[in-house]
Amino acid sequence: MSFKVDIQNLNLYYGDFHALKDINIKIRKNSVTAFIGPSGCGKSTCLKSINRMNDLVPNCKIKGKILIDNQNIYDSRTNLNLLRKRAGMVFQRPNPFPMSIYDNIAYGPRIHKIKNKKILDEIVEKSLRSVYLWDEVKDRLNKSALGISGGQQQRLCIARALAVEPQIILMDEPTSALDPLSTIKIEDLVEMLKVNYTVIIVTHNMQQAARISDTTAFFLSGNIVEYANTSKIFNNPTDKRTEDYITGRFG
Amino acid sequence: MKNNKSLYNKKKSISDMLLKFLIYLSTTITISIFLSIIIYILYNGIPYLSLKFISTAYSEIDSSLKGILPMLINTMYIVIITLLFAVPIGIASAIYLTQYAKQGKLVKSIRFTTEILSGIPSVIFGLFGYTIFCVILGLGTSILSGCLTMMLCVLPTIIRTSEEALLSVPKSYKEGAIALGAGKLRVVLEIIVPSAISGIITSIILAIGRIVGESAALLYTSGMAYNMPKGMFSHIFSSGRTLTLHLYQTAKQANTPDSFSQAFATATILLILVFILNVIASTISKIVKKY
Ligand SMILES: Nc1ncnc2c1ncn2[C@@H]1O[C@H](COP(=O)(O)OP(=O)(O)OP(=O)(O)O)[C@@H](O)[C@H]1O
Ligand SMILES: [Mg+2]
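S.K.: Explain the site of ligand 1 to me, and be specific about the residues and the numbers.
M.R.: All names here are of chain A. Ligand 1 sits among Tyr 14, Phe 17, Ser 39, Gly 40, Cys 41, Gly 42, Lys 43, Ser 44, Thr 45, Val 57, Glu 173 and His 204. The contact in question runs from an oxygen atom of ligand 1 to an N or O atom on the side chain of Ser 39, over 2.5 Å. The side chain of Ser 44 places a nitrogen or oxygen atom 2.6 Å from an oxygen atom of ligand 1. For ligand 1, the protein covers 64% of the area, taking 640 Å² as the surface of the free molecule. Among the elements that line the shell around ligand 1, the one with the most residues is helix H1 (residues 43–50), at three residues. Classifying every residue of the shell around ligand 1 gives four nonpolar, six polar and two charged.

Here it is, written out as structure tokens:
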């Protein structure tokens, strides 16, 4: 079996605060993994350490390894720009750039040296189609991306992440700011994405985790309490705390 | 418990009304002061305006020469050259301080210092500029000395205002770009600076206003000469009075109604100049910031 992401003995500190404690999980290629757990337990922190966005946080210390395709991304030789191209990220709140819809999508490819207008046009159309946004915005590609709805903005941000052809997609509660219809669209999308990508998604929505993920990791105050197939976690959890959480007894 | 009193029972609160009244009152006062100054100046200045006035030379001896062309040229020289120095330095400093420098004690004390500097009376800058540029560096009383002095005057304003603009760019833009694999320089130049551009241009507008309106700092450094420029480049090294200093001088020496009108006409030109420079700056801001 091939593992795309392999987190080994990961410990993370924000100053003195021990935010992640001995995290060990292996994530299969072309699967959807859900991170669940109560607020403040370290899901976003763990997600952000996979593309090293935690580097932006001053006095954040990290020990341990994360292997992507068997290379430790915390090795000093790591090229961060390439790492983040390989592991794209979608944030909790849609954050389109204050540019046109077209330029939002083309921004990533342009960074990675694609200049040809025809190729860029193709990438923009392909990325927008894959998030089912093309038909909604094709007539206003040159209008500001800030002028479309929140759900459209979030799909735009997913398209923007796809445009740089990542292999891993990290999503931090991508639907928490969206209406039910947009949520369903994004959930469907995640299922499609799994064919080509490895998806890791943080969610507070148990049904969502159960619907779309293959494996689930349950976080509790910086630890992973249980990591297993989603059906096992939801039907037959090993740990009492997992059971309490998914049945809504706390969290 | 039942309580079906009518909902149409909105009460007017006295304090709300009083507050509203005060707001209207202060707005009216501000606007009317502003308008009366403008109208007063235009009323007295416009009759004296002519193409000849802005296109001919001036002389304190020959009373047939009453134009302001040299002053207009000097003012444009000083505005443009000062901005040429101050804008790149100021914006680069603001970018460095907000995006690159480690946010610690040093940056805090630099911020504190710029804040104090922007409040220092410009005479002091004038005295300093005179000593350093005119005397020690040997530039003499010249437009260049004036520009360097004005650069010191406006730098704190440009740095502070641009810094605020840069700091108010949402962090999520930066994160979004970094998560796509963009390098630091790209993020700064392509995402952060464009998002802050209108604030940065505001800082330039403020600087222009300060330069055009300056008198004390330039009196010492660029001087009071009113001769026509002889060469485009060599003019930088000669003394030249700006419109504001000219206004000061003509108003001070005015003893006839005619010479007063001349001062008002100069003031009118100053107002028009400031207006045009503002329009140019805000047009640029609109062109650059499309979204
Ligand atoms: N930049 C930071 N500096 C200091 N502490 C932080 C920082 N970011 C997060 N933390 C702390 O680390 C812990 C984990 O935070 P994290 O954002 O990973 O939680 P989460 O599981 O994503 O929560 P939520 O579901 O509310 O998003 C929290 O206690 C939080 O207060
Ligand atoms: Mg979170």
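S.K.: Give a detailed account of the domain arrangement of chain B, specifying residues and quantitative values.
M.R.: Domain annotation for chain B reports domain 1 (18–48) and domain 2 (69–243). Distance between the C-alpha centres of domain 1 of chain B and domain 2 of chain B: 31 Å.

S.K.: Tell me about the environment of Pro 98 of chain A, residues and numbers included.
M.R.: Residue and element names in this part refer to chain A. With respect to the helices and strands, Pro 98 occurs in the loop between strand E6 (87–90) and helix H3 (101–111). Residue Pro 98 is classed as buried on the basis of its relative accessible area of 18%. A sequence separation of 105 residues divides Pro 98 from Thr 203, and the C-alpha atoms of the two residues are 27 Å apart.

S.K.: So, the interface of chain B and chain A: which residues are in play, and what are the values?
M.R.: In this complex, chain B contributes 17 residues to the contact, which on the side of chain A involves 28 residues. Taken together, chain B and chain A are joined by zero salt bridges. Along the contact surface separating chain B from chain A lie three residue pairs in polar contact (both at pLDDT 80 or more). Here the side of chain B that touches chain A is composed, by residue class, of nine nonpolar, five polar and three charged.

S.K.: So what's going on with the pattern of salt bridges? Which residues, and what values?
M.R.: Counted by the stated rule, this structure contains 21 salt bridges over all chains. One salt bridge in this structure joins Glu 136 of chain A and Lys 185 of chain A, with 3.8 Å as the shortest N-O distance. Within this pair, whereas Glu 136 of chain A is found in helix H5 (residues 134–137), its partner Lys 185 of chain A is found in helix H7 (residues 180–193), the two being separated by 49 residues in sequence. Residue Glu 163 of chain B is joined to Arg 111 of chain B by a salt bridge in which the shortest nitrogen-to-oxygen separation is 2.7 Å. Placement of Glu 163 of chain B in helix H6 (residues 143–167) and of Arg 111 of chain B in helix H4 (residues 105–117) is noted, with a sequence separation of 52 residues between them.

S.K.: For the sheet that holds strand E1 (residues 3–14) of chain A, give the residues involved together with the corresponding values.
M.R.: Residues and elements named next belong to chain A. Taken together, the four strands give an open sheet; going across it, the order is E2-E1-E4-E5, and neighbouring strands pair in antiparallel fashion. Looking at strand neighbours, the two that pair on one side only are strand E2 (17–28) and strand E5 (71–72), the edges of this open sheet. Here E1 pairs with E2 via eight bridges, running antiparallel. Along E2, the bridge assignment pairs Ile 7 with Ile 25. Here H1 sits on the sheet and contacts E1, E2 and strand E4 (60–68); the angle it forms with E1, its principal contact strand, is near 120 degrees.

S.K.: How would you sum up the pairing of strand E3 (residues 32–36) of chain A? Please name residues and give values.
M.R.: Where a strand is regular, its side chains alternate between the two sheet faces. Residue and element names in this part refer to chain A. Of all five residues that make up E3, five are buried, and the element is covered over most of its length. Here E3 runs beside strand E8 (residues 198–202); their pairing, made up of four bridges, is parallel. Counted as the bridge partner of Val 32 is Val 199 from E8. With four bridges connecting them, E3 and strand E9 (residues 215–220) associate as parallel partners. Across the sheet, the residue bridging to Ile 36 is Phe 218, located in E9.

S.K.: Any details on the sheet that holds E6 of chain A? Residues and values, ideally.
M.R.: Think of a sheet as strands paired side by side through backbone hydrogen bonds, with each pair either parallel or antiparallel. Residue and element names in this part refer to chain A. The strand order across the open sheet formed by six strands is E6-E7-E8-E3-E9-E10, and the pairing between neighbours is mixed. Only two strands of the sheet have a single neighbouring strand rather than two, namely E6 and strand E10 (223–229). For this sheet, the mean angle separating the axes of adjacent strands, direction not counted, is 15 degrees. Note that E9 and E10 share six bridges and pair antiparallel. Within E10, the position partnered with Thr 216 by the bridge is Ala 228. Helix-sheet contacts for H1 involve E3, E6, strand E7 (168–172), E8 and E9, and the interaxial angle to E7 is about 155 degrees.

S.K.: Any details on the packing of aromatic side chains? Residues and values, ideally.
M.R.: Taken as a whole and judged by the stated rule, the model has seven aromatic pairs over all chains. Here the aromatic rings of Tyr 58 of chain B and Tyr 226 of chain B are separated by 5.4 Å at their centres, their planes lie at 85 degrees, and the arrangement is edge-to-face. Taken together, the residues Tyr 58 of chain B in the loop between helix H2 (51–55) and helix H3 (69–100) and Tyr 226 of chain B in the loop between helix H10 (216–221) and helix H11 (243–253) connect sequence positions 168 residues apart. Taking the relative accessible area as the measure of exposure, Tyr 58 of chain B reaches 7% and is therefore buried. Their ring planes at 70 degrees and their centres at 5.9 Å tell us that Phe 233 of chain B and Phe 237 of chain B sit as a pair that is edge-to-face. The positively charged end of Arg 160 of chain A is found above the aromatic ring belonging to Phe 97 of chain A, 4.2 Å away from the centroid.

S.K.: Can you explain the nonpolar core? Please cite residues and give values.
M.R.: One finds Ile 7, Ile 23, Phe 35, Tyr 107 and Phe 219 of chain A to be the most contacted residues of the largest nonpolar core, which totals 99 residues. What Ile 7 of chain A contacts, discounting residues up to four positions off in sequence, is Ile 23, Asn 24, Ile 25, Cys 46, Ile 50, Lys 65 and Ile 66 of chain A.

S.K.: Residue-level account of the packing of H4 of chain B against H6 of chain B, with values.
M.R.: All names here are of chain B. At a minimum axis distance of 8 Å, the contact between H4 and H6 shows a crossing angle of 130 degrees. Judged by the inter-axis angle, H4 sits oblique to H6. Along this stretch, H4 crosses H6, giving a crossing that reads as left-handed. Residue-level inspection shows Arg 111, Thr 114, Glu 115 and Leu 117 of H4 in contact with H6, the latter providing Pro 156, Ile 159, Arg 160, Glu 163 and Leu 167. By residue class, the composition of the contact of H4 with H6 is four nonpolar, one polar and four charged.

S.K.: Tell me about the environment of Met 71 of chain B, and please be specific about residues and values.
M.R.: Residue and element names in this part refer to chain B. Residue placement: Met 71 occurs in helix H3. Between the C-alpha atom of Met 71 and that of Arg 241, which follows or precedes it by 170 residues, the distance is 5.9 Å. Excluding residues that lie within four positions of it along the chain, Met 71 makes contacts with Tyr 58, Tyr 226, Arg 241, Thr 242, Leu 243 and His 246.

S.K.: Can you break down a nonpolar patch on the surface residue by residue, with the values?
M.R.: Residue and element names in this part refer to chain B. A cluster of nonpolar side chains, contributed by Val 123, Ile 124, Leu 127, Tyr 130, Val 135, Ile 136, Leu 137 and Tyr 220, occupies part of the molecular surface with about 750 Å² of accessible area. With six residues, the single largest contributor to the nonpolar patch is helix H5 (residues 122–136). Take Tyr 130: it is sitting in helix H5. For Tyr 130, a relative accessible area of 37% corresponds to the partly exposed category.

Here is what the cut-offs are and how they apply
Residues numbered from 1 in each chain as written. Chains lettered and ligands numbered in written order. Predicted model: local features only at pLDDT ≥ 70, side-chain atom pairs only at ≥ 80, totals over all residues. Heavy atoms only, no water. Near = heavy atom within 4 Å. Polar contact = N/O pair within 3.5 Å; in protein donor to acceptor, adjacent residues only side chain to side chain. Areas by Shrake-Rupley, 256 points an atom, 1.4 Å probe, with all protein chains shown as cover. Helix = DSSP H or I, 4+ residues; strand = E, 2+ residues; numbered from the N terminus. Nonpolar A, V, L, I, M, F, W, Y, C, P; charged D, E, K, R; others polar. Domains from an automatic or database assignment. Buried < 20%, exposed > 50% of the residue type's maximum accessible area, 1.4 Å probe, protein only. Contact = heavy atoms within 4.5 Å. Salt bridge = Lys/Arg side-chain N within 4 Å of Asp/Glu carboxyl O. Pairing = 2+ DSSP bridges. Axes fitted to C-alpha atoms, helices over the stretch in contact; angles between N-to-C directions. Phe/Tyr/Trp six-rings, centres within 6.5 Å; stacked < 30°, edge-to-face > 60°. Lys NZ or Arg CZ within 6 Å of the ring centre and 35° of its normal. Core = buried A, V, L, I, M, F, W, Y, C linked by side-chain atoms within 4.5 Å. Parallel < 35°, antiparallel > 145°, perpendicular 65-115°, else oblique. Left-handed = near helix turned anticlockwise from the far one by under 90°. Patch = residues over 30% accessible without salt bridge, like charges linked within 9 Å, V, L, I, M, F, W, Y side chains within 5 Å.

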